[in-house]
Structures are given as structure tokens and as C-alpha cells.
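# Working through the structure, step by step
Read off the chains here:
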Amino acid sequence: MAALSPYALGATLYMPATRADLLELVFRTKLPELRSLVVCLEDAVADRYVDTALRNLRVLLSAIDVRGGRPADGPLLFVRPRDSQMAAVLNDWPLMAHVDGFVVPKLTLSNLGAWEQAVTNPELFLMPTLETSDVFNPGAMVELGLALKANLNQRIIALRIGGNDLMGCLGLRRNTATTLYSTPMSYVIPMLAGVMGSQGFALTAPVFEQLATPLLLKKELELDIAHGLVGKTAIHPSQINIIQDTLRVSFDDLSSAKLIVSDQAPAVFKHNDVMCEPAEHFKWATGILARAQWHGVRHAQVENEQAPARLIEGT
């Protein structure tokens, strides 16, 4: 099983499994900029349409099969089952060979065993979603992280933070003028970044449901990145480029990262008036290089890249 970088996810677009245009997204005739797609059989599908959604998913995967598989340059493809029972059925579909993995909804320590028994196909990656009331308990998250590492560590690309569900646990909804970081999520996101991040898990950022405020989305993304989150859920195509452009790294960060990981780096050095210590900053630097590999350098900095890059190589 080849590893998948969590930075490859970029903006992860959720689409109901009832949609008729899923094949166009997979083969990039629509939204060619899309990096990852989740075909949702859970919250995005009403109970009465579940059978229709499952049939549509089978039609999609059969069409991919007829074409000889997904294109190499197409988006990563995930399925979000309704529950572990549905996942167990999908796990045994031969057509799931055309899917990268499952997004696991509402994962808790109490239902982890059921999911482990359901998803036995070792070729399917997992992205568990943290979106239940026990997420507010750091001790519960420590236990969940340890349990995930015990049996599923190599199959988990990232943990997804379900911001809307977590707000719903508190009877709250984000207003149109603030980011999630002006809500109780200002406690939850840093806590998860610390508890789960310190155990080696990558985390992705919650959805931003306000479609009329792209500048506020960008502000929230900058806070997501400051907390070490590696991607963000998108619920509308208009959000894809905003998310992926914001995930680009600054040239200053890229140049610092290259110096920090260099075999010739001294124990402590100054770069752009900032002190760098490879022993402490090495993990940050490898993250920056991975982000740059998948998302590139911010457009405003590209024109200045040549001269500083020569300085780095000669250092």
C-alpha cells in the first residue's frame, strides 16, 4: 500500500452520492483543479434516497471500471458511508478498487471496533471524522489517538475535524461575520492540533459554509494553517481555488525550510532576521516542503524566486 500525503488533499469537495455528474469530476471534465472528492452517503443524502445513492455509486464505479480506471492526474476519490454496516458492504465490492478510501463519520472510541471489523480491505485508506461530543474531552482524544495508532496507523491519511457537528453539539451555529476561531472551536481546534498532532496525525480543517464571504474564508484558512491543519473541506466549487491558493507557501518559509533541512545547516543560524534551530524546526520545515511540493509557492512571490534560490543552494 503506497503512502498518500495528507497535503495531496487540498480542498476536499463533498458531493452527495445522488449527483449525476460525479464521473465528470473524476475524469476532470468538470473542476479540473479539484484535488480530492468525497462521495457522501451520510449527511448529504436523506434517508429515502439511500438506495438511489448506492445504485448511483455502483454506476459511477462501473463506469470508471469500463474506462480502465481513474486518470492518474484526477482527484483522489473517497466514499463516506452512512455507518459501519454500510461500510462492511462496500468493503466487499470489487469495484472499490477504484476508490482511495473511506471517510469515517462520527468516529468514537466506542465504535472504533465496529469500523475495524467493517473495513478489512487493506488497500482502502481511512479519514476518520472527529465530530461527536467526546471530542471536547482531551482525555478521550488521547485514548482515541492511541487506539487508532495501534491498529490503523498506516492506513490513516488525516483526521477530519467536523466543525458544524461539533458546534451543533453545543446548540450553536457560526454567524456570518466571524471565523470558527471566534467560537468554542477556538478551544477544540488547538486542542486537537496538540493532542492528535503530537501523536503524528495530520488534521484537516472544518467546512466554511458562508459562500458570500470569500475574504472571511481566506482569513479562516490562514488561522487553519497557523494551527498546522493540512487541508480544508469544501462544500462549493467556488471555494476550491481559494483554499488551494491559500495553502501555497510563502517564499520566505520555503527558503527557511530548505536551509533548516540542509545537511550543512549549523545548530543555530539567522535567516531573514529570524533565528532558526534545525533540531526544533526540522518537522516544521519538512511540512513546509511537502506543502510546497503539492501546492507551490504563493503567486506574489514567484517572480522573486530565482535570486534567493541561488543563495540557498550556495549556502
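The structure under discussion appears in the preceding block.
Residues numbered from 1 in each chain as written. Predicted model: local features only at pLDDT ≥ 70, side-chain atom pairs only at ≥ 80, totals over all residues. Heavy atoms only, no water.

## Concerning the overall build of the chain
Cut-off, in case you're wondering: Only runs of H or I of at least four residues qualify as helices and only runs of E of at least two qualify as strands under DSSP, and these elements are numbered from the N terminus. For this measure, only C-alpha atoms enter the radius of gyration; the expected value for a globule follows 2.2 Å times N^0.38, where N is the number of residues. Partly exposed describes any residue whose relative accessible area lies between the buried limit of under 20% and the exposed limit of over 50%, with all areas from a 1.4 Å probe on protein chains only and scaled to the type maximum. Each accessible area is a Shrake-Rupley result for a 1.4 Å probe, and residues are judged covered by the shown protein chains and nothing else.
Tallying secondary structure elements over the chain gives 13 helices and 10 strands in all. Compactness check: the chain gives a C-alpha radius of gyration of 20 Å against a globular reference of 20 Å for 315 residues, within 12% of the reference. Relative to its full complement of 315 residues, the chain shows a buried share of 51%. Counting every atom, the chain has about 14,600 Å² of accessible surface; 54% of that belongs to carbon and sulfur.

## Observations concerning the pairing of strand 5 (residues 125-130)
Here is the rule we go by: Strands were regarded as paired on the criterion that DSSP finds at least two bridges between them. The definition of a right-handed crossover adopted here requires that, viewed with the strands pointing away, the path from the first strand over the helix to the second runs clockwise.
With respect to burial, strand 5 is a largely interior element, six of its six residues being buried. Where burial is concerned, the two faces of strand 5 agree: the one with Phe125, Met127 and Thr129 and the one with Leu126, Pro128 and Leu130 are both buried. Sheet topology note: the strand 4 (residues 101-104)/strand 5 ladder contains four bridges and is parallel. When the bridges of strand 5 are listed, Phe102 appears paired with Leu126. Where strand 5 meets strand 6 (residues 159-161), two bridges bridge the pair, whose relative direction is parallel. Note that in strand 6 the partner of Thr129 across the bridge is Arg160. Handedness of the crossover joining strand 5 and strand 6 through helix 5 (residues 138-151): right-handed.

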